[in-house]
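Coordinates in review
Residues per chain are reported as follows:
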Amino acid sequence: MAITNKYVKSVLADLKKRYPEQKEFLQAATEVLDSLQPVVEARPELQKAAILERITEPERTIMFRVSWVDDKGKVQVNRGYRVQFNSAIGPYKGGLRLHPSVNLSILKFLGFEQIFKNSLTTLPIGGGKGGSDFDPKGKSDGEVMRFCQSFMTELEKHIGPDTDVPAGDIGTGGREIGYMFGQYKRLRNEFTGVLTGKAIGSGGSLARTEATGYGLCYFVDEMLKHNKSTFKGKKVVISGSGNVAIYACQKATQLGAKVIAMSDSNGYIEDDNGIDYKVMQQIKEVKRDRVETYLKYVKGAKYTEGSRGIWTIPCDIALPCATQNEIDEESAKILVKNKCFAVGEGANMPSTLEAIAVFQKAGVLFAPAKAANAGGVATSALEMCQNSARLSWTFEEVDTKLHNIMIEIYKEASSAAEKYGMKGNLLAGANIAGFEKVANAMLWQGICY
Ligand code: NDP
């Protein structure tokens, strides 16, 4: 959709002027504001209360130094961040990314998206995101622990179970959450649900590890069913081989699909017999190794250097589960040419704006990240419920709740799209449904927010 609404145009122009260097944040803001045009036209009270100006500005941004000592005794310095974007419907909630590429633009894009995603889950959680340019890859357990403890020593001042509840993201798995949780507990002398993604037995929820990948497949399955299709017999390509990708592979396979390729940032594996997710899980979660080593365990598989080439493999369904902007216009065109008919975004913002336009023009079924990968944060909110009530639900209980939440999100996104005359456009529908709930809370709470 072209941006024609004057109010939306002026808000975007202001953002571009104020933050010209924040390209990922501007990309996320453009995508959301574009689809909100019919809403601001139908609801003039939103402009009067400057809702778009306020929702695109974080309530608080914290930046800090993280010093730690490496195994050689050398002092290392990283930058730490927490963007507390919006608390209109609940405490800030969103992951912590540990990756050398982390900067304020990336965290603002992730925090901004998180507002709408969290709202879509139907649970009372606001939006935030944080992390550091620290790279856990290649570091010893001791180094990772010292970094996490130093990071939490500062972050602790700004978070709490009713204020801001961080979780994992790229580079932050169970190990890192454990070290951070231990340090928070030591500093505060309290055992509370201040982080999610905790280990079972330390306040963690069963099925949280699987939740984002499973949730993605539940959402895509729902989208397929509404379009007279299923996963059965379909060839699926999944990028990445981390937390989201591994469990998307498991669930897609359980639903009858054949996952024929997975990747990491070095290259990709093709296995025409279907990727063995247990082998992949061992390689990534236990050995912390590269996908290339899959060749050692499974005969007949093939490895190719370079991660982008994965989108040249002909498939029916593409599930990008690695990182932002991994599908550009060219990759999208190749997918369409190869007759890929559905895309489900497991990663945050994995498709560029140009790639999305290619998919929309070709009529590809498109499950946008905000809706399709919301299962992780939804299950984090279920972990918060269990922590507050001091009880634990079974795997099946959590999985059933997750499945129902993903079906609800699908309904919300598709009915919002229909209400504003864009039937079938789940991207616009997810943005609108997520936005309206937060905007209504902001209107109700007055303009100090
Ligand atoms: P992990 O760190 O567990 O895994 C990330 C995977 O993506 C790794 O296989 C990594 O490979 C690969 N990757 C990273 N950068 C690139 C790149 N430039 N090109 C190709 N592959 C790359 O992260 P998660 O699985 O947790 O997160 C993946 C995505 O899903 C992110 O966008 C995250 O924000 C999003 N997400 C995660 C949720 C969660 O619950 N974990 C919830 C909602 C969204 P390598 O090892 O080589 O770096």
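Reference entry: report on the structure contained in this document.

Conventions used here
- Residues numbered from 1 in each chain as written.
- Predicted model: local features only at pLDDT ≥ 70, side-chain atom pairs only at ≥ 80, totals over all residues.
- Heavy atoms only, no water.
- Helix = DSSP H or I, 4+ residues; strand = E, 2+ residues; numbered from the N terminus.
- Rg over C-alpha atoms; globule rule 2.2 N^0.38 Å.
- Buried < 20%, exposed > 50% of the residue type's maximum accessible area, 1.4 Å probe, protein only.
- Contact = heavy atoms within 4.5 Å.
- Lys, Arg positive; Asp, Glu negative; His and termini not counted.
- Charge placed at Lys NZ, Arg CZ, Asp CG, Glu CD.
- Near = heavy atom within 4 Å.
- Polar contact = N/O pair within 3.5 Å; in protein donor to acceptor, adjacent residues only side chain to side chain.
- Areas by Shrake-Rupley, 256 points an atom, 1.4 Å probe, with all protein chains shown as cover.
- Nonpolar A, V, L, I, M, F, W, Y, C, P; charged D, E, K, R; others polar.
- Axes fitted to C-alpha atoms, helices over the stretch in contact; angles between N-to-C directions.
- Parallel < 35°, antiparallel > 145°, perpendicular 65-115°, else oblique.
- Pairing = 2+ DSSP bridges.
- Salt bridge = Lys/Arg side-chain N within 4 Å of Asp/Glu carboxyl O.
- Right-handed = clockwise from strand over helix to strand, strands pointing away.

Some words on the overall build of the protein chain
Of regular secondary structure, the protein chain possesses 18 helices and 12 strands. Computed over the C-alpha atoms, the radius of gyration of the protein chain is 21 Å, within 12% of the 22 Å expected from 2.2 N^0.38 for a compact globule of 449 residues. C-alpha extents for the protein chain along the principal axes are approximately 60 × 55 × 45 Å. Here the protein chain, with 449 residues, has 59% of them falling under the buried criterion. For the protein chain, long-range pairs separated by at least 24 residues make up 71% of all intrachain contacts whose partners lie at least 6 apart in sequence. Within the protein chain, one finds 57 positive and 51 negative side-chain charges whose respective centroids are separated by 0 Å.

So, the site of the ligand
Close contacts around the ligand come from 25 residues, with D169, T212, S265, R290 and N348 the closest. One of the side-chain nitrogen or oxygen atoms of R290 is found 2.5 Å away from an oxygen atom of the ligand. When the free accessible area of the ligand is taken as 890 Å², the share hidden by the protein chains comes to 85%. Of all elements in the fold, only α9 (208-225) and α10 (243-254) reach the threshold of two or more residues within the shell around the ligand. Tallied by class, the residues present in the shell around the ligand amount to five nonpolar, 13 polar and seven charged.

Re unusual backbone geometry
The backbone of A207 shows a phi angle near 75°, a positive value even though the residue is not glycine. Positionally, A207 belongs in the loop between α8 (174-188) and α9. You can call A207 buried: its relative accessible area is 6%. The phi dihedral of R390 is positive, around 50°, even though this residue is not glycine. In this structure, R390 sits in the loop between α16 (375-389) and α17 (395-419). Note on R390: relative accessible area 67%, which makes it exposed.

Things to note about the packing of α17 against helix α18 (residues 426-445)
Two numbers describe a pair of packed helices, the interaxial angle and the distance between the axes. Here α17 crosses α18 at 100°, and the two axes come no closer than 7 Å. As summarised for this structure, α17 and α18 are arranged roughly perpendicular, according to the angle between their axes. Only L426, G429, A430, I432, A433, E436 and K437 of α18 make contact with α17, whose side of the interface consists of Y410, E412, A413, S414, A416, A417 and K419. Across the contact of α17 with α18, the residue classes tally to eight nonpolar, two polar and four charged.

Describing the side chain of E270
With respect to the helices, strands and loops of the structure, E270 is situated in strand β8 (residues 267-270). Looking at E270, the relative accessible area reads 16%, which means it is buried. When residues no more than four places from it in sequence are discounted, the contact partners of E270 are I260, A261, A301, K302, T304 and I313.

Some words on the sheet that holds strand β1 (residues 60-69)
In space, the five strands of this open sheet follow the order β1-β2-β4-β3-β5, with mixed pairing throughout. Taken across any chain shown, the strands that pair with only one partner, and hence form the sheet edges, are β1 and β5 (164-167). On average, each strand axis in the sheet is tilted by 20° relative to the strand beside it, whichever way the strands run. With 10 bridges connecting them, β1 and strand β2 (residues 75-86) associate as antiparallel partners. Counted as the bridge partner of S67 is V77 from β2. Contacts from helix α7 (residues 141-155) reach β1, β2, β3 (92-98), β4 (126-132) and β5 within the one sheet, and its direction differs from that of β1 by about 145°.

Regarding the pattern of salt bridges
Per the counting criterion, the structure on display carries 26 salt bridges. Its salt-bridge partner being K23, residue E24 comes within 3.2 Å of it at the nearest N-O pair. Classification of E24 as buried rests on a relative accessible area of 10%. E190 serves as the salt-bridge partner of R188, at 3.9 Å between the closest nitrogen and oxygen. The structure contains a network of salt bridges with shared partners spanning R43, E45, K419 and E436.

Observations concerning the pairing of β4
Summarising burial for β4: seven of the seven residues are buried, a large majority. In terms of strand pairing, β3 meets β4 through five bridges, oriented parallel. Bridge pairing in β4 links L96 to G130. Regarding topology, helix α6 (residues 104-120) serves as the crossover connection from β3 to the parallel β4, and that connection is right-handed.

Section: the sheet that holds β8
The seven strands are arranged β9-β8-β7-β6-β10-β11-β12 in an open sheet whose pairing can be described as mixed. Only two strands of the sheet have a single partner each, and these edge strands are β9 (302-305) and β12 (365-367). Each strand axis lies, on average, 15° off the axis of its neighbour in the sheet, ignoring direction. One ladder, built from four bridges, connects strand β6 (residues 235-239) with strand β10 (residues 317-320); its direction is parallel. Within β10, the position partnered with V237 by the bridge is A318. Contacting β10, β11 (342-344) and β12, α9 runs over the sheet at an angle of about 150° to β12.

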